[in-house]
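For reference, the chains in residue letters:
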Amino acid sequence: MRQYQETYIQNLKKIAALAELSGDIPLDVDRFLAERKKKQEEIDRLRYENTELLRQYLMPVLDNIISADEAEVNELAEFALQLAPGVKQLDLVLTYDIHNALIAYARKWELRDMLIRELYLCGMSLYYMQNFMARAGKRLYSVKIRMLFGEAASWLPHYDEIADPQTRGYIHRSMANLTLGDGWESEENGRRKIRAMRRSLQVLTDPVYQEKTPSLPWDTFIYKSHQSRMTAIDFMRRGFGDQDLVREIMESAEYVRERQLKDSQNRGIEPDMRWTVEYEAVLYHCGIRTLPELLLGLEKFYMKRNPLDYSQDGIWQNIYLPGLYAEYLSFEEDFRIKKKEVLGHMYRMVVRYVRNAPNNQLNAQLLHTLIAILESFQEYPDGISQKDFLLNLVACRNPDSYAFQYMTGMVSGILMEEAVRKMPEAFVGVLGCASREQVQQSVGELTAFARESGMLHDIGAILFSDMVTLAGRSFMKEERIMYAHHVYAGRLMLSRCDSTRPYAMTALGHHRYYDEKGGYPEDYVRSDNPNQAVTDLVSIAVYLTSYVSEREKMQNSVLSLAQAVVYAQRDGGKRFHPEFVKLLPGVLNRLSDCFTDGKRKAYQKALSLLRREEI
């Protein structure tokens, strides 16, 4: 690689180390903030350096890739591989852009082996990008993923003309990965995935291909393909499937089961619990186990967990397994009620497990697994609510994000109190208030609702937190598009349970302009939001908090608040509610007091939540 490429990668690793928050929870918030500020300044410097390295050295090459010499192209290929070592992506979008450029180069100069390789690697990069979108319930890249893997797989008829075993391996991998573009959400997508799985396994198990390229890891290819086909139980959960699919899923489940047992015997360890649980789930979905039998089996697996194990497997057993149990409880209401105490106990143990994590309370794996169980979270009237779970256990996992949301909540509450005092009619209909008088009588409840709306408005951004904290340069256009989907992630997360559903539309619409001609998402419609007035207040609070936070770096936060108010009023009727921005001068002193020491209080709150033993 060239020197700028090596420097770029070194800077990425430095940024990751500086952004890492694992470790003992600090007791001194002022020291924590001072250290965070110092680290952030170094991160900003490294990001600027990386941005300049790309602008000066890489982008001119990518813009004119056809004219690059062979040595430069080989260095680019190596650079891209170093940016994406396995599933640990150092710079996902840049990796994708480089592979795209190398595809263009290979097409131009008719370099078949290089083209197949780059189609596969580009498809994998896009698949990891798709994973970010899946968190928001979106699959933006499905067609492109299928096209990339499909083109690489289409070289199978020319197999004998290709001498390089590695290139042949990319063809087989691409055939198997044709399934990665789609989910199981629709019958059409599911049928397409199943056809691709069948065709890939037919080729992989064909002795003719194995004899032609004996150096390829055929056992691994086949094993992973059977693991992939087991996921088709998601298709059956949605009421699709037939007897042929049941047979195929069971065939794959037995294959994986036997492989797991053999590997565990050879290594003298217990079989991987994750795949053992998956096997039991397959038996249920294929009609061999009843739901009570499956639930009993999951309870037994849960009892085998080690509550002091904070490895990846330990986190799965202690956090993800209760989420899976909750998902199956949702299949029948009777079981959801009967197993209330069991699930309640599991949730309480999740809280205790997370609180007691030694020296890694801020670990990203904990955060991601906590978020995963929210997909099936079950609420009971006298149990832990999803709102409390989010506010007190999940949001504080990222103190920086929590502090921003906390500040936004405080500002939203101040604005609500002023708005109810001066224009209560704007909130008729919110929280069931039927008149101006009821709004005025409910000022406390409305203020709390506004505060919590501000606290939860950006919860979807937690799913994209790695994208921000590990960014090694300025965002590219594609990353801005991806990150904008955090509003969909927030709506999806909040709309699942009664305690958080009232906040879902604010999570979706807080970046959309009042006149619906700017901001995002474009498909947000104000009239669909029963609490639109609250969303309007939160939008203003988000703007003020963001503006002050940015200017705070210049040691000019007080002046910036006054300027932010001027700008917000200037955008009244366009970006912001025209009447609500008129309220700002009347609360300027209260807002100033809030921002003066609000950041410290916000971080203090986040750190104290991390140290608490109960929700």
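The sections below set out a description of the structure shown in this document. (Residues numbered from 1 in each chain as written. Predicted model: local features only at pLDDT ≥ 70, side-chain atom pairs only at ≥ 80, totals over all residues. Heavy atoms only, no water.)

## Quick notes on the overall build of the protein
- Looking only at helices and strands, the protein features 29 helices and zero strands.
- Against the globule reference of 25 Å for 615 residues, the protein gives a C-alpha radius of gyration of 27 Å, in line with a compact fold.
- Judged by the C-alpha coordinates and their principal axes, the protein covers about 80 × 65 × 45 Å.
- Taking all 615 residues of the protein together, 52% fall into the buried category.
- About 28100 Å² of surface is accessible on the protein, with carbon and sulfur atoms providing 49% of the total.
- Here the protein carries 79 positive and 84 negative side-chain charges, and the mean point of each set is 2 Å from the other. (Helix = DSSP H or I, 4+ residues; strand = E, 2+ residues; numbered from the N terminus. Rg over C-alpha atoms; globule rule 2.2 N^0.38 Å. Buried < 20%, exposed > 50% of the residue type's maximum accessible area, 1.4 Å probe, protein only. Areas by Shrake-Rupley, 256 points an atom, 1.4 Å probe, with all protein chains shown as cover. Lys, Arg positive; Asp, Glu negative; His and termini not counted. Charge placed at Lys NZ, Arg CZ, Asp CG, Glu CD.)

## Things to note about unusual backbone geometry
- For the peptide bond that leads from tyrosine 520 to proline 521, omega is 0 degrees, which places it in the cis range.
- Take proline 521: it is sitting in the loop between helix H26 (504-509) and helix H27 (532-552).
- The backbone phi angle of glutamate 110 is positive, close to 55 degrees, even though this residue is not glycine.
- One non-glycine residue with positive phi stands out, namely glutamate 516, at about 60 degrees.
- Looking at the element boundaries, glutamate 516 is found in the loop between H26 and H27.
- Residue glutamate 516 is classed as partly exposed on the basis of its relative accessible area, which comes to 32%.

## Quick notes on the environment of arginine 257
- Relative to the elements of secondary structure, arginine 257 occurs in helix H12 (residues 243-267).
- Arginine 257 sits 332 residues away from asparagine 589 along the chain, and the two C-alpha atoms are 66 Å apart.
- Arginine 257 has contacts with Thr276 and Tyr279, leaving out every residue within four places of it along the chain. (Contact = heavy atoms within 4.5 Å.)

## Here's the deal with the packing of aromatic side chains
- The full count for this structure, using the stated rule, is 27 aromatic pairs.
- Both rings, one in tyrosine 4 and one in tyrosine 57, keep their centres 5.2 Å apart while their planes meet at 20 degrees; by these two values the pair is stacked. Of the two residues, tyrosine 4 is situated in helix H1 (residues 3-19) and tyrosine 57 in helix H2 (residues 29-63); the sequence distance between them amounts to 53 residues.
- The class of tyrosine 57 is partly exposed, set by a relative accessible area of 39%.
- When the centroid spacing of 5.4 Å and the interplanar angle of 50 degrees are considered together, the rings of tyrosine 127 and tyrosine 128 count as tilted.
- Taking relative accessible area as the criterion, tyrosine 128 reaches 18% and is therefore assigned buried.
- Feature note: the residues Tyr4, Tyr8, Tyr57 and Phe79 constitute an aromatic cluster, connected by ring pairs.
- The ring of phenylalanine 132 carries arginine 135 above its face, with NZ or CZ at 4.5 Å from the centroid.
- A cation over a ring is seen here: lysine 212 above tyrosine 209, with NZ or CZ 5.7 Å from the ring centre. (Phe/Tyr/Trp six-rings, centres within 6.5 Å; stacked < 30°, edge-to-face > 60°. Lys NZ or Arg CZ within 6 Å of the ring centre and 35° of its normal.)

## A short note on the nonpolar core
- Counting residues in hydrophobic clusters, the biggest one holds 199 residues, and the most contacted among them are Ile98, Phe427 and Leu544.
- If you tally residues by element for this core, the top one is helix H5 (residues 112-134), at 13 residues.
- Ile15, Ala19, Ile43 and Leu46 belong to the second largest nonpolar core, which has five residues in total. (Core = buried A, V, L, I, M, F, W, Y, C linked by side-chain atoms within 4.5 Å.)

## Side note on the packing of H2 against helix H4 (residues 92-108)
- It is at 10 Å that the axes of H2 and H4 come closest, and there the two elements cross at 35 degrees. Residues Leu54, Leu58, Met59 and Leu62 of H2 touch H4, and the partners they reach there are Leu94, Ile98 and Ala101.
- In terms of residue class, the contact of H2 with H4 is made up of seven nonpolar, no polar and no charged. (Axes fitted to C-alpha atoms, helices over the stretch in contact; angles between N-to-C directions. Nonpolar A, V, L, I, M, F, W, Y, C, P; charged D, E, K, R; others polar.)

## Observations regarding the pattern of salt bridges
- Counting across every chain of the model gives 42 salt bridges.
- Ionic pairing is found between glutamate 251 and arginine 247, a salt bridge with its closest N-O pair at 3.9 Å. With glutamate 251 and arginine 247 both in helix H12 and four residues apart, this pair spans about one turn of that helix.
- Glutamate 251 gets classed as partly exposed once you look at its relative accessible area, which sits at 41%.
- Look at the salt bridges and you will find they share partners, linking Arg146, Asp182, Glu188 and Arg192 into a network. (Salt bridge = Lys/Arg side-chain N within 4 Å of Asp/Glu carboxyl O.)

## Re the side chain of histidine 285
- Relative to the assigned elements, histidine 285 resides in helix H13 (residues 273-285).
- Those residues in contact with histidine 285 that lie beyond four places of it in its chain are Ile233, Met236, Arg237, Tyr328 and Phe331.

## Notes on the environment of leucine 561
- Locating leucine 561 in the fold gives a position in helix H28 (residues 557-570).
- For the pair leucine 561 and serine 435, spaced 126 residues apart in the sequence, the C-alpha separation amounts to 34 Å.
- When residues no more than four places from it in sequence are discounted, the contact partners of leucine 561 are Val548, Leu588, Leu591, Ser592 and Phe595.

## So, H1
- If you check H1, its first and last C-alpha atoms are 24 Å apart, about what 17 residues at 1.5 Å a residue would give, namely 24 Å.
- Listed in full, the buried residues belonging to H1 are Tyr4, Gln5, Thr7, Tyr8, Ile9, Asn11, Leu12, Ile15, Leu18 and Ala19.
- Packed against the buried residues of H1 are H2, helix H3 (70-83), H4 and helix H23 (465-469). (Expected span 1.5 Å × (residues − 1).)

## A look at the packing of helix H19 (residues 386-394) against helix H22 (residues 443-456)
- Running from N to C, H19 and H22 point in directions that differ by 60 degrees, and their axes come no closer than 11 Å. As the angle between them shows, H19 and H22 are arranged oblique. Handedness of the crossing formed by H19 with H22: left-handed. Packed against H19, whose contacting residues are Lys387, Leu390 and Leu391, the element H22 presents Glu452, Met455 and Leu456 at the interface. (Parallel < 35°, antiparallel > 145°, perpendicular 65-115°, else oblique. Left-handed = near helix turned anticlockwise from the far one by under 90°.)

## Examining H3
- With 14 residues, H3 extends 20 Å between its outermost C-alpha atoms, agreeing within 8% with the 20 Å of an ideal straight helix rising 1.5 Å per residue.
- All buried positions along H3 are accounted for by Glu72, Val73, Leu76, Ala77, Phe79, Ala80 and Leu83. Down the axis of H3, the buried set is contained in an arc of 160 degrees. They therefore lie on one face.
- Structurally, the start of H3 carries an N-cap: the backbone nitrogen of alanine 71 is 3.2 Å from a side-chain oxygen of aspartate 69. (Arc of directions from axis to C-beta. Polar contact = N/O pair within 3.5 Å; in protein donor to acceptor, adjacent residues only side chain to side chain.)

## Describing the side chain of asparagine 11
- Secondary-structure assignment places asparagine 11 in helix H1.
- Residue class for asparagine 11 comes out buried when judged on its relative accessible area of 3%.

## Notes on a nonpolar patch on the surface
- Among the surface-exposed residues, Ile66, Trp109 and Leu111 lie close enough to one another that they form a single nonpolar patch of about 260 Å² accessible area.
- With respect to the helices and strands, leucine 111 occurs in the loop between H4 and H5. (Patch = residues over 30% accessible without salt bridge, like charges linked within 9 Å, V, L, I, M, F, W, Y side chains within 5 Å.)

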